[in-house]
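# Chain and residue survey
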Amino acid sequence: MCGITGYIGKNNNAIKIVMHGLEALEYRGYDSSGIAYTNDNKVNITKEKGKINNLKKSVDFNIKSNLAIGHTRWATHGEPNKVNSHPHSVNKFTIVHNGIIENYIELKEELLNNNYVFKSSTDTEIACAYIDFIYKKEKDILKTLNQVTKIFRGSYALGIICNDDLDNLYAVRKTSPLIIAQGKDENYIASDVPAILKCTNKYILLDDFQIAKINSDNIEIYNQKLELVTKETLEFDGTYESSIKNGFEHFMLKEIHEEPSVFRNTVNTYLNKNFKNIPNFSKYNNLHIVACGSAYHTGLVGKYLIEKYANIPVYVEVASEYRYKHNFYDKQTLVIFVSQSGETADTLACLKKVKEDGIDTLGIVNVVGSSVARESKYVMYTKAGCEIAVATTKAYLAQLTVFSIITMYLINDKSLSNEISSIPTLIDNLINKDYKSIAKEIYKDKNIFFIGRGIDYFLSMEGSLKLKEISYINSVAYQAGELKHGTISLIEKNTPVIAISTDNTLTEKTISNIKEVKARGAKIIFVTNQNIIDNFYDIKIDIPKVSELLQPILTIVPLQLIAYEVAKLNKCDIDKPRNLAKSVTVE
Ligand code: AGP
């Protein structure tokens, strides 16, 4: 939800490296940002409302500093403004925070009773004051932070500077992600890998409740008994260059263009010989799929394919509902958690509850070593690489690919290998079609409908979400057969309806539904893999016909690019849409 970065080193690069890290993490939240840095043994803070560019105008990059922390914010407590932006400082402590301190009210009451006063309306300033409050008693930073891990509830990744020890940068986390990386005579902390890729692609993951004490030469990690622990060094399989735009106007467009290779890499990870790296599904007689947003939409496709072809019952639910419902699972249930970031709080909270109930879990995750990956009993990684654009495209396609692979595994079907080898080229051909002219027909409209039947309805849900997310046009996906039961009253002359039909057993019925809205003036964009020449549509987008197990992977491409071109015509911030963040690490 927010991005934090930190630097400590002898090369005095603190401001430059932390500011670069914030730019690399801006996709995690961008309604305000700030930096705290040491200079002449003082901690200085600069923060601004709005995007990082506003902060860059206020920061003096010529200042030499060897210790800094930075933050780019997606507001949870307190509106996006300068006062509420991070870093927050109280007496001897300055911190940046990603997450939510859920017991901030009781902490605030205790602090008010101890004469603390507050400038902002954030939980973070309360957390900072509480650290200062504990420190006054403990007089030891490690002991203080260890106490904090026992008192704070909710989620936090904290970068911490203490005036009494400017030779060290401290960090502690619970639930919100935090990595620590080693450079030459300098070390770093960050919410996510892109922030450090310009310096190194090697990093360690801080586990919940662990405390890091970092100086320019050394990284010490302590557990809750304040014992030193050793950590595995991970290597990000990508470079800084692969995480920047490579000549594309937007990350989203770059990431769509990566979809052919993402499909190939994901398939190759699992399909070569005996379906390598796939957990043994044979001991389960029912599956649950839990996710949010686009990941949830892939779960619906997965349900459709697994139930139709493998005849196994599948229950799909959004994580924020699943967690509070009475769910029917037992030892024969496998609960599958789908998440690009692996840090989505709603999804993670479900995972922890299901694990407590002793149920087997599988994570379908893109970010290696992320919380969902580490908490799940089994993991299947989608090989989409680093996805920066807030609106997911290539990771969504990789998730679809994994569900296709799971279905093929369940029915032990290896007959699709020829067709599978053609998919990257078919994706590429779809990417290179003209969607600008279609976007010009609809980008000024205020309401756009997506309809489909069966599996096409689930694809229409994703097409609608993509359009909403990045172009801010109101859009809804509807089962094609359901429109006439009320919502058709919203159809007016020239209302765009994007109708999807790839299942030829349902095409006739879908065409009937299209004609119902056409008769009321709708403008029809028909997305199909069938050769239908008729006048019920205004625009037809042809997609190749492939096995139903692979069809969704092609169907989604035009929908992603229509959304992209419409947003571009509307001059929206495609990679960082308003109000959103790449990883929703609060519930
Ligand atoms: C997708 O474009 C959205 N950004 C959002 O719906 C996203 O899919 C959802 O927040 C889940 O994120 P996750 O896959 O990282 O868990």
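The following paragraphs examine the structure supplied in this document. No experiment lies behind these values; they were computed from the predicted model shown.

## Some remarks on empty space enclosed by the protein
- By the definition in use, this model includes 2 cavities of 30 Å³ or more.
- By volume, the largest cavity is sized at about 60 Å³.
- Listing elements by their share of the lining of the largest cavity, those giving two or more residues are strand S6 (93-101) and helix H4 (123-138).
- The class makeup of the residues in the lining of the largest cavity is 3 nonpolar, 7 polar and 2 charged.
- Considering only enclosed or pocket space, the second largest cavity measures out at about 50 Å³ in volume.
- Along the walls of the second largest cavity sit Thr-5, Gly-6, Ile-17, Val-18, Gly-21, Tyr-188, Ile-189, Ala-190, Ala-195 and Ile-196, which together make up its complete lining.
- Counting residues per element, the ones that place at least two in the lining of the second largest cavity are strand S1 (3-9), helix H1 (14-25) and strand S10 (186-190).

## Some thoughts on the layout of surface pockets
- Quantified by volume, the largest pocket comes out at close to 660 Å³.
- What lines the largest pocket is a set of 37 residues, and nearest its centre among them are Phe-236, Asp-237, Asn-366, Gly-385 and Cys-386.
- Per-element tally for the lining of the largest pocket: the top contributor is helix H7 (residues 259-275), with 3 residues.
- Grouping the amino acids of the lining of the largest pocket by side-chain chemistry returns 14 nonpolar, 13 polar and 10 charged.

## Topic: the packing of aromatic side chains
- Per the counting criterion, the structure on display carries 13 aromatic pairs.
- Between Phe-152 and Tyr-156, the ring centres sit 5.9 Å apart and the planes meet at 85°, which makes this aromatic pair edge-to-face. Like Tyr-156, Phe-152 is buried.
- Taken together, the ring pairs connect Tyr-116, Tyr-130, Phe-133, Phe-152 and Tyr-156 into an aromatic cluster.
- Its end group placed over the ring of Tyr-472, Arg-578 keeps NZ or CZ at 3.8 Å from the ring centre.

## Let's talk about the sheet that holds strand S9 (residues 179-182)
- With antiparallel pairing, the 8 strands of this open sheet are ordered in space as S3-S2-S4-S1-S10-S9-S11-S15. In the strand order of this sheet, the two ends are held by strand S3 (42-49) and strand S15 (234-235), each with one partner.
- Relative to strand S4 (residues 67-73), strand S2 (residues 32-39) runs antiparallel, the two sharing 6 bridges. Bridging across to S4, Tyr-37 finds its partner in Ala-68.
- Across the sheet, H1 touches S1, S2, S4 and S10, and the angle it forms with S1 is around 160°.

## A short note on the pairing of strand S16 (residues 286-291)
- Burial of S16 is extensive: 6 of the 6 residues sit out of reach of the surface.
- Because side chains alternate across S16, one face comprises the buried residues Asn-286, His-288 and Val-290, and the other comprises Leu-287, Ile-289 and Ala-291, equally buried.
- Across 5 bridges, the pairing between S16 and strand S18 (residues 333-339) is parallel. Note that in S18 the partner of Leu-287 across the bridge is Leu-334.
- Alignment of S16 against strand S17 (residues 314-318), held across 5 bridges, turns out to be parallel. Directly across from His-288, in S17, lies its bridge partner Tyr-315.
- Once you follow S16 into helix H8 (residues 293-310) and on to S17, the crossover reads as right-handed.

## Things to note about the pattern of salt bridges
- One pass over the full model with this rule turns up 31 salt bridges.
- Taking the shortest distance from any N to any O, the salt bridge between Lys-254 and Glu-258 comes out at 3.0 Å.
- Judged by its relative accessible area of 1%, Lys-254 is buried.
- Lys-377 is the partner of Asp-360 in a salt bridge, and the nearest nitrogen-oxygen pair spans 3.3 Å. With Asp-360 in strand S19 (residues 360-365) and Lys-377 in the loop between helix H11 (371-375) and strand S20 (378-381), the pair connects residues that are 17 residues apart, well separated along the chain.
- Because the salt bridges share partners, they merge into one network encompassing Arg-173, Asp-208 and Lys-352.

## With respect to unusual backbone geometry
- With omega at 5°, the peptide bond leading from His-86 into Pro-87 counts as cis.
- Considering the arrangement of structural elements, one finds Pro-87 in the loop between S4 and strand S5 (88-90).
- The backbone of Asn-91 sits at a positive phi, close to 55°, despite the residue not being glycine.
- For Asn-91, the position within the fold is in the loop between S5 and S6.
- One non-glycine residue, Asn-579, lies in the positive phi region at around 70°.
- For Asn-579, the location among the structural elements is in the segment after helix H17 (551-569).

## Here's the deal with the site of the ligand
- Inspection of the region around the ligand gives 15 residues, with Ser-339, Gln-340, Ser-341, Thr-344 and Glu-469 positioned closest.
- A distance of 3.2 Å separates an oxygen atom of the ligand from a polar backbone atom of Ser-294.
- One nitrogen or oxygen atom from the side chain of Ser-341 is found 2.7 Å from an oxygen atom belonging to the ligand.
- Protein burial of the ligand: of its 410 Å² of free accessible surface, 90% is covered by the chains.

Criteria and cut-off values
- Residues numbered from 1 in each chain as written.
- Predicted model: local features only at pLDDT ≥ 70, side-chain atom pairs only at ≥ 80, totals over all residues.
- Heavy atoms only, no water.
- 1 Å grid on protein atoms, 1.4 Å probe; cavity = no way out; pocket = protein on both sides within 12 Å on 5 of 7 lines; lining within 4 Å.
- Points joined across faces, edges and corners; volume = space filled by probe spheres on them.
- Helix = DSSP H or I, 4+ residues; strand = E, 2+ residues; numbered from the N terminus.
- Nonpolar A, V, L, I, M, F, W, Y, C, P; charged D, E, K, R; others polar.
- Phe/Tyr/Trp six-rings, centres within 6.5 Å; stacked < 30°, edge-to-face > 60°.
- Buried < 20%, exposed > 50% of the residue type's maximum accessible area, 1.4 Å probe, protein only.
- Lys NZ or Arg CZ within 6 Å of the ring centre and 35° of its normal.
- Pairing = 2+ DSSP bridges.
- Contact = heavy atoms within 4.5 Å.
- Axes fitted to C-alpha atoms, helices over the stretch in contact; angles between N-to-C directions.
- Right-handed = clockwise from strand over helix to strand, strands pointing away.
- Salt bridge = Lys/Arg side-chain N within 4 Å of Asp/Glu carboxyl O.
- Near = heavy atom within 4 Å.
- Polar contact = N/O pair within 3.5 Å; in protein donor to acceptor, adjacent residues only side chain to side chain.
- Areas by Shrake-Rupley, 256 points an atom, 1.4 Å probe, with all protein chains shown as cover.

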